[in-house]
Amino acid sequence: MREIRLAIAGVGNCASALLQGVEYYRTHDPAESAGVLHAEIGGYRIEDIRPVAAFDVDARKVGRPLEEAVFADPNCTTVFEEKLPAWGVDVQMGPLLDGIADHMRDAPAESAFRPAELPAVDVAQTLRDTGARVLIAYLPVGSEAAVRAYAEAALEAGVAFVNCIPVFIASDPSWAQRFADRKLPVVGDDIKSQVG
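A. Spotlight on the sheet that holds strand E5 (residues 91–93). The strand order E5-E4-E1-E6-E7-E8 describes an open sheet built from six strands, whose pairing is parallel. Looking at strand neighbours, the two that pair on one side only are E5 and strand E8 (186–188), the edges of this open sheet. Each strand of the sheet is rotated relative to its neighbour by a mean of 20 degrees, with strand direction disregarded. The sheet strands contacting helix H5 (residues 144–157) are strand E1 (4–9), strand E4 (49–56), strand E6 (134–137) and strand E7 (160–163), and the helix crosses E7 at an angle near 160 degrees.

B. Quick peek at the pairing of E6. Side chains of E6 alternate between two faces, with Val134 and Ile136 and Leu135 and Ala137 buried alike. Taken together, the four bridges between E1 and E6 define a ladder with parallel strand orientation. Bridge pairing in E6 links Ala7 to Leu135. The parallel pair E6 and E7, bridged by H5, forms a crossover whose chirality is right-handed.

C. Representation of the packing of H5 against helix H6 (residues 173–181) within the structure. The geometry of H5 relative to H6 is characterised by a closest axis approach of 10 Å and an angle of 20 degrees between their N-to-C directions. Classified by the angle their axes make, H5 and H6 are roughly parallel. Here the hand of the crossing between H5 and H6 comes out left-handed. Contact with H5, carried on its side by Arg148, Ala151, Glu152, Ala154 and Leu155, involves Trp175, Arg178 and Phe179 of H6 and no other residues of that element. Of the residues that constitute the contact of H5 with H6, the class distribution is five nonpolar, no polar and three charged.

D. Focus on unusual backbone geometry. Across the junction of Asp73 and Pro74, the peptide omega takes the value 5 degrees, indicating a cis bond. Mapped onto the elements, Pro74 comes out in the loop between helix H2 (66–69) and E5. Phi at Leu97 takes a positive value of approximately 45 degrees, unusual for a residue other than glycine. Within the fold, Leu97 resides in the loop between E5 and helix H3 (102–105). We note that Lys183 has phi near 60 degrees; this positive angle belongs to a residue other than glycine. Looking at the secondary structure, you find Lys183 in the loop between H6 and E8. Its relative accessible area of 74% is what places Lys183 among the exposed residues.

Reading the values: rules and limits
Residues numbered from 1 in each chain as written. Predicted model: local features only at pLDDT ≥ 70, side-chain atom pairs only at ≥ 80, totals over all residues. Heavy atoms only, no water. Pairing = 2+ DSSP bridges. Helix = DSSP H or I, 4+ residues; strand = E, 2+ residues; numbered from the N terminus. Axes fitted to C-alpha atoms, helices over the stretch in contact; angles between N-to-C directions. Contact = heavy atoms within 4.5 Å. Buried < 20%, exposed > 50% of the residue type's maximum accessible area, 1.4 Å probe, protein only. Right-handed = clockwise from strand over helix to strand, strands pointing away. Parallel < 35°, antiparallel > 145°, perpendicular 65-115°, else oblique. Left-handed = near helix turned anticlockwise from the far one by under 90°. Nonpolar A, V, L, I, M, F, W, Y, C, P; charged D, E, K, R; others polar.

Right, dumping it as structure tokens:
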């Protein structure tokens, strides 16, 4: 069975909860633990999910191992799985664009984003280099240009795209057609509200 090689754009609270959940259910029987409706879908199990790339713009996350960055400020989600595997993935600088709202720049450091002073990597090339098969976008709500940039990178690299914020990609006929033309899955447009 192949791995689900996952790239994550936005290493915030949702990414932290996802990766903690993957590790929790990897080490616990999903049938005996609340929260998982289907332990296997299409022959894939939770333990088949493997992070291979991660992107963020915050100076406290960029350059750090993913298993550390998911716990860095300003993340404040519940920690229920303190020890995550060393995946060998360092968080890379993504495109900033509109990924930080102005009001977040003035908040206290522990609850605000602090952009790294680094150039963005070539996201599409990184997706190709790491063998990613799925890119999940967990960007802050309002990051329309940034989400579109990641969607473009997914198309260019030939990977599936899961959009978790309310920016119309999967539900926009022109975007949906572009993914269909490449025979790539695209889902989401506010999946955080729909699934969690």
